[in-house]
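Observations on the three-dimensional arrangement
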Amino acid sequence: MAKEREKKLFVGVLGNYASELKLLLTTLLLLCAVATFLQFIPSRFTISASDLRFCISRVQSSPPPPSLSPPLTTTSSSSVSHLSTHEESKITLPPSPRPSPSPPPLTVEEDKVLENGIIKRAFNPYGSAAYNFITMGAYRGGLNTFAIIGLASKPLHLYSKPTYECQWLSSSPSQTPITTVGYKILPDWGYGRVYTVVIVNCTFSTSVNAGNTGGKLVLHASTSGGGDTNFNITDTIDVLNESPNSLDLSVFTSPPKYDYFYCGSSLYGNLNPQRVREWIAYHVKFFGPKSHFVIHDAGGVHEQVLEVLKPWMELGYVTLQDIRDQERFDGYYHNQFMVVNDCLHRYKFMAKWMFFFDVDEYIYVPPKSTIKSVLDSLSEYSQFTIEQMPMSSKICLSSDYGKTYRWTWVVLEFGALNLVLRKWGFEKLVYKDSKKGIRRDRKYAVQPRSLYATGVHMSQNLAGKTTHKTEGKIMYYHYHGTIAEKRESCKMLVNSTQLTYEKTPYVLDTTMRDIAGVIKKFELKMIGSRLQKNRQ
């Protein structure tokens, strides 16, 4: 009797849960069917056995609370680098004839014991540590040559041999695609971090787009087994588009628009707007009306600095580029090697001479010389380096006491009796480091049409000669650290022609101080008094 009651109870329990069991079995059947079906659909999304187990394990669990942030989307390295470079109007591009192969589907391997008793361990890769290639720009270097500037994984280039192939796809259906091997240049001297700077030179055997029918340059960037020797992943990147009739071939043979061109490194940090004001006024006066300055903002051009640059931008002397997004990619010193190389290739046919130095450095030529006469004497060289004059950023003359923060009344030729001026930074800092027998950094200038790539202190990739024998001809005064100093520069006031401070000998050098008045008059003439109340 008891056994019969237990049997009826068991059957009752089964009857009560029959609907739940049926639902569970149906759910499992549907999941298996979907997983099987997805294996035959071309997609970068795959479902592995572990994924299926994970889904099944959560069938009976409660759903998570809704997320407050939008869901993340997976993007391939080629599309990320493409969007970062062409984010204005080129979000959608026609497909290339050689699509970039996706990474292989993830198959989870498990440890297993071989017939000989050895345990074969499994290794399962997930994700990607660095992008294959990140483009900043691509530019023509002539009728048949191009330069592509960007970043790439440093370990990939340091320990492997990635390759590049360049392809030109004409807009004319009658013209077949042409290809060439891309020659890579690594100009950052090994200073890269997660990313290193790569310049890819694409030189074809024949003229490209000679009929001005338009087309595009495509870069095929291959890892060549780097990262995973089982696979050669290739990213196909559209790097340059030329619309029909947009190519102006005369730019390669015409005289350049500017005699002197400045390519600045990445500006970052909390910069002193007064120091930037002094620097730009000085160099516009120094280089003259046929000069231009490209400033790269990596976070340093805040509102007060922009206010200082704006008048010169309006006059056509300054171009400001916002490069803050490069901070996403961990390269050396705000990716300055990439930045100066982009500037070189972007403007190489617009300048006769191109200068590379920083905003705490002032180019100078001795009296009875001009920048034109000096560069004419160096015209046989593709590159020359410039001697440094290191100045103290703390020591000032005691005669300037009370003239540092306090403003002084000055009568200029314009009769502005109420014009208020104060001592400028290079006007106060007059003590030069006189230590002998040490090697100091030099800056440089180039004839840009002779360069394939460049660096921070000089280029190692150029056609033609380089000279370092410029002592006495041209130099630069270096006020290290002052560009980011917003407090009063003068920390020590002295009344001596030479002294030793912090174990460094200094001598009095008033060269820059003596021409400060001329620069102030020039600024007033060019942009008026709009910056006279500028604050540090």
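Residues numbered from 1 in each chain as written. Predicted model: local features only at pLDDT ≥ 70, side-chain atom pairs only at ≥ 80, totals over all residues. Heavy atoms only, no water.

Within the chain one finds 11 helices and 28 strands. Taken over 536 residues, the chain has a buried fraction of 44%. For the chain, the share of sequence-separated contacts (at least 6 apart) that also reach a separation of at least 24 residues comes to 78%. As presented, the chain carries roughly 29700 Å² of accessible surface, and 56% of it is formed by carbon and sulfur atoms. (Helix = DSSP H or I, 4+ residues; strand = E, 2+ residues; numbered from the N terminus. Buried < 20%, exposed > 50% of the residue type's maximum accessible area, 1.4 Å probe, protein only. Contact = heavy atoms within 4.5 Å. Areas by Shrake-Rupley, 256 points an atom, 1.4 Å probe, with all protein chains shown as cover.)

Considering all chains together, one arrives at 23 salt bridges under this definition. Among the ionic pairs, arginine 275 bridges to glutamate 278, the shortest N-O distance being 2.8 Å. Highlighted residues: arginine 275 and glutamate 278, both in helix 5 (residues 273-287), separated by three residues, approximately one helical turn. No difference in accessibility class separates arginine 275 from glutamate 278, as the two residues are buried. Across the salt bridge formed by glutamate 380 and lysine 465, the nearest N and O atoms sit 2.7 Å from each other. Of this pair, glutamate 380 sits in the loop between helix 8 (371-377) and strand 16 (383-390) while lysine 465 sits in the loop between strand 23 (461-462) and strand 24 (466-467), and the two are 85 residues apart along the sequence. By relative accessible area, lysine 465 is classed as partly exposed at 42%. What emerges from the salt-bridge pattern is a single network uniting Asp400, Lys423, Glu427, Arg513 and Lys520. (Salt bridge = Lys/Arg side-chain N within 4 Å of Asp/Glu carboxyl O.)

Once that is clear, we can look at the packing of helix 5 against helix 11 (residues 516-527). It is the contact of helix 5 with helix 11, at a shortest axis distance of 9 Å, that shows an interaxial angle of 90°. As the angle between them shows, helix 5 and helix 11 are arranged roughly perpendicular. Taking contact as the criterion, the partners of Arg277, Ala281, Tyr282, Val284 and Lys285 in helix 5 are, on helix 11, Val518, Ile519, Phe522 and Glu523. Here the residues of the contact of helix 5 with helix 11 are counted per class, giving six nonpolar, no polar and three charged. (Axes fitted to C-alpha atoms, helices over the stretch in contact; angles between N-to-C directions. Parallel < 35°, antiparallel > 145°, perpendicular 65-115°, else oblique. Nonpolar A, V, L, I, M, F, W, Y, C, P; charged D, E, K, R; others polar.)

Attention now moves to helix 7 (residues 336-347). Under the 1.5 Å per step criterion, the end-to-end length of helix 7 is 16 Å for 12 residues, consistent within 8% with the ideal 16 Å. In terms of burial, helix 7 is largely enclosed, as 11 of its 12 residues are buried. Buried within helix 7 we find Gln336, Phe337, Met338, Val339, Val340, Asn341, Asp342, Cys343, Leu344, His345 and Tyr347. (Expected span 1.5 Å × (residues − 1).)

Attention now moves to the sheet that holds strand 3 (residues 134-140). Taken in spatial order, the four strands make up an open sheet running 3-4-8-7, and their pairing is antiparallel. The open sheet has two edge strands with one neighbour each: strand 3 and strand 7 (183-185). Along the sheet, successive strands turn relative to each other by an average axial angle of 25°, direction set aside. Both strand 4 (residues 145-153) and strand 8 (residues 195-203) contribute to a ladder of nine bridges, which runs antiparallel. If you follow glycine 150 over to strand 8, its bridge partner there is valine 198. (Pairing = 2+ DSSP bridges.)

Right, let's get into helix 5. With 15 residues, helix 5 should cover 21 Å at 1.5 Å per step; its first-to-last C-alpha distance of 21 Å lies within 8% of that length. Where burial is concerned, most of helix 5 is hidden: 14 out of the 15 residues are buried. For helix 5, the capping residue at the N-terminal end is asparagine 272, with a side-chain oxygen 2.9 Å from the backbone nitrogen of glutamine 274. Phi turns positive, to about 90°, at glycine 288, one or two residues after helix 5. (Polar contact = N/O pair within 3.5 Å; in protein donor to acceptor, adjacent residues only side chain to side chain.)

Of note, glycine 288 is situated in the loop between helix 5 and strand 12 (291-297). For the pair glycine 288 and aspartate 259, spaced 29 residues apart in sequence, the C-alpha to C-alpha distance is 9.1 Å. Contact partners of glycine 288, with chain neighbours within four places excluded, come to His283 and Tyr317.

This brings us to the sheet that holds strand 27 (residues 498-501). Taken in spatial order, the three strands make up an open sheet running 20-28-27, and their pairing is antiparallel. Strands with a single pairing partner mark the edges of an open sheet, and in this sheet they are strand 20 (431-433) and strand 27. For this sheet the average axis-to-axis angle between neighbouring strands, irrespective of direction, equals 35°. As paired strands, strand 20 and strand 28 (residues 504-508) are joined by three bridges and run antiparallel to one another. Counted as the bridge partner of lysine 432 is valine 507 from strand 28.

Moving on, we get to the pairing of strand 21 (residues 443-446). In strand 21, alternate side chains face the same way, and those of Lys443 and Ala445 on one face and Tyr444 and Val446 on the other are all buried. The sheet contact formed by strand 16 and strand 21 spans four bridges and is antiparallel. In the strand pairing of strand 21, phenylalanine 384 is matched with alanine 445.

The final tally for this structure, using the stated rule, is three disulfides. For cysteine 166, the disulfide goes to cysteine 202, at an S-S distance of 2.0 Å. In this structure, the disulfide formed by cysteine 166 and cysteine 202 twists by about -60° around the S-S bond and is classed as left-handed. With cysteine 166 in strand 5 (residues 163-170) and cysteine 202 in strand 8, this residue pair connects regions lying 36 residues apart in the sequence. Comparing cysteine 166 with cysteine 202 shows no difference in burial state: the two are buried. In the chain, the cysteines engaged in disulfides, taken in order along the sequence, are linked 1-2, 3-4, 5-6. (Disulfide = S-S within 2.5 Å.)

Interpretation note: all reported values are geometric properties and have no functional meaning in isolation.
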